[in-house]
Amino acid sequence: MKLLQDRIVADGKIEAGNILKVDSFLNHQIDVSLLEEIGQEFKRQFGDREVNKILTIEASGIAIACIAARYFNVPVVFAKKSRSLNIAGDVYTAKVESFTHKNTNDIIVSKKFLSPEERILIVDDFLANGKAILGLCQLVEQAGATLVGAGVVIEKGFQDGGKRIREAGIDLRSLAILEEMDVNTGIRFREE
Ligand code: 5GP
């Protein structure tokens with residue numbers, strides 16, 4: 001997605017530890033017009049399938065999922081990163097190691113919001129080692145729901161999450177794939 005690649009080059013900041021900061025347009029301050037384009041692109045990529053619900057993980061996935069959901073006309077459910085008081089009763093849960101925070105969270109979705117007859121599209125901001133997406137896939141599997149595919153905004157192609165997810169047979173679509181990222185030489189995108 002050219003618009004997204006241009007924005008990453010213009011406003012993304014490469015930080016130590018293989019982190020790309022996109023907090024001026026994607027996951028702190030949010031450019032809603034760009035998110036609309038992103039939502040439409042997910043609709044173009046997955047629009048030929050039946051999707052009943054979009055699943056993401058808090059916090060950065062929520063805005064992306066909500067705007068995508070406008071184009072699919074379906075609800076969004078987001079996995080919470082810790083058990084909170086307003087989730088009573090049964091939950092689906094998986095353990096997810098955080099790439100950015102280097103800790104492990106239990107991610108949780110109430111059983112009320114994922115059911116076997118549903119067809120789920122997973123959406124997230126970044127794909128690095130694939131732990132977040134694979135954790136979300138586990139929740140879909142526990143619910144007995146059908147996973148339609150996974151859409152990520154930025155895939156860090158030099159980490160192995162994309163390979164792992166594609167090898168698991170999941171239809172993964174990434175709107176920008178970073179092939180290389182270096183503080184001195186900048187970013188090179190994978191050409192599709
Ligand atoms: P994974 O689980 O695939 O290893 O990492 C994906 C999660 O870590 C995403 O939900 C995202 O929040 C965070 N993440 C991974 N790499 C980056 C990065 O370079 N920049 C930012 N801002 N977040 C990242």
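Source: prediction; values computed, not measured.

Chemist: Break down the sheet that holds strand 7 (residues 119-127) for me, with residues and values.
Modeler: Pairing in this open sheet of 6 strands is mixed, and the strands run 4-3-7-8-9-10 from one edge to the other. Two strands close off the open sheet at either side, each with one partner strand: strand 4 (76-79) and strand 10 (186-189). Between one strand and the next, the sheet's axes are offset by a mean angle of 25°, whatever the strand orientation. Across 3 bridges, the pairing between strand 3 (residues 53-57) and strand 7 is parallel. Across the sheet, residue L55 finds its bridge partner in strand 7, namely I122. Lying over the sheet, helix 3 (residues 60-72) contacts strand 3, strand 4, strand 7 and strand 8 (146-156), oriented at roughly 170° with respect to strand 3.

Chemist: So what's going on with helix 4 (residues 131-143)? Which residues, and what values?
Modeler: In this model helix 4 runs 19 Å from its N-terminal to its C-terminal C-alpha over 13 residues, within 8% of the 18 Å that 1.5 Å per residue would give. Among all positions in helix 4, only I133, G135, L136, C137, L139, V140 and A143 are buried. Phi turns positive, to about 75°, at G144, one or two residues after helix 4.

Chemist: Give me the nonpolar core: which residues, what numbers.
Modeler: Counting residues in hydrophobic clusters, the biggest one holds 31 residues, and the most contacted among them are L4, L26, I38, F42, I54 and I154. Elements supplying a minimum of two residues to this core: helix 1 (2-11), helix 2 (32-46), helix 3, strand 7, strand 8 and strand 9 (172-182). Broken down by element, this core gets its largest block of residues, 6 residues, from helix 3. Contacts of L4, omitting those with residues within four sequence positions, involve F25, L34, I38, V153, L175 and A176.

Chemist: Account for unusual backbone geometry, naming residues and giving values.
Modeler: Peptide bonds are mostly trans, and most non-glycine residues show a negative phi. Look at the link from E58 to A59: it is a cis peptide, with omega at 0°. Note that A59 resides in the loop between strand 3 and helix 3. One non-glycine residue with positive phi stands out, namely N73, at about 55°. Within the secondary structure layout, N73 lies in the loop between helix 3 and strand 4. For N73, a relative accessible area of 69% corresponds to the exposed category. Here K102, not a glycine, exhibits a phi torsion of approximately 55°, which is positive. With respect to the helices and strands, K102 occurs in the loop between strand 5 (91-97) and strand 6 (104-110).

Chemist: Provide a residue-level description of the pattern of salt bridges, including the pertinent values.
Modeler: In the structure shown here, the tally under the stated rule is 17 salt bridges. For the salt bridge of D11 with R7, the shortest nitrogen-to-oxygen distance reads 2.7 Å. Of this pair, D11 and R7 both sit in helix 1, 4 residues apart, which is roughly one turn of the helix. Given a relative accessible area of 29%, D11 falls into the partly exposed group. Given a relative accessible area of 23%, R7 falls into the partly exposed group. The salt bridge involving E50 is made with R119; its shortest N-O contact spans 3.9 Å. With E50 in the loop between helix 2 and strand 3 and R119 in strand 7, this residue pair connects regions lying 69 residues apart in the sequence. Sharing partners across several salt bridges, the network here consists of D48, R49, D171 and R173.

Chemist: Give me the lowdown on the packing of helix 1 against helix 2, citing residues and values where you can.
Modeler: In contact at an axis separation of 10 Å, helix 1 and helix 2 are set at 140° when each is read in the N-to-C sense. Between helix 1 and helix 2, the crossing angle belongs to the class labelled oblique. For the crossing formed where helix 1 meets helix 2, the hand is left-handed. From helix 1, L3, L4 and R7 reach across to helix 2, where they touch L34, E37 and I38.

Chemist: Residue-level account of the site of the ligand, with values.
Modeler: Looking at the ligand, there are 16 residues lining it, with L20, A128, N129, G130 and A132 nearest. At 2.9 Å, a side-chain N or O of D124 approaches an oxygen atom of the ligand. Between the ligand and N129, the relevant distance is 2.7 Å, taken from an oxygen atom to a main-chain nitrogen or oxygen of the residue. A total of 500 Å² of accessible area belongs to the ligand in isolation, and the protein chains cover 89% of it. Counting residues per element, the ones that place at least two in the shell around the ligand are strand 2 (19-21), strand 7 and helix 4. Looking at the shell around the ligand element by element, the count peaks at 4 residues for strand 7. The residue inventory of the shell around the ligand, partitioned by class, reads 7 nonpolar, 5 polar and 4 charged.

Calculation rules
Residues numbered from 1 in each chain as written. Predicted model: local features only at pLDDT ≥ 70, side-chain atom pairs only at ≥ 80, totals over all residues. Heavy atoms only, no water. Pairing = 2+ DSSP bridges. Helix = DSSP H or I, 4+ residues; strand = E, 2+ residues; numbered from the N terminus. Axes fitted to C-alpha atoms, helices over the stretch in contact; angles between N-to-C directions. Contact = heavy atoms within 4.5 Å. Expected span 1.5 Å × (residues − 1). Buried < 20%, exposed > 50% of the residue type's maximum accessible area, 1.4 Å probe, protein only. Core = buried A, V, L, I, M, F, W, Y, C linked by side-chain atoms within 4.5 Å. Salt bridge = Lys/Arg side-chain N within 4 Å of Asp/Glu carboxyl O. Parallel < 35°, antiparallel > 145°, perpendicular 65-115°, else oblique. Left-handed = near helix turned anticlockwise from the far one by under 90°. Near = heavy atom within 4 Å. Polar contact = N/O pair within 3.5 Å; in protein donor to acceptor, adjacent residues only side chain to side chain. Areas by Shrake-Rupley, 256 points an atom, 1.4 Å probe, with all protein chains shown as cover. Nonpolar A, V, L, I, M, F, W, Y, C, P; charged D, E, K, R; others polar.

These values are about where atoms sit, not about what they do.
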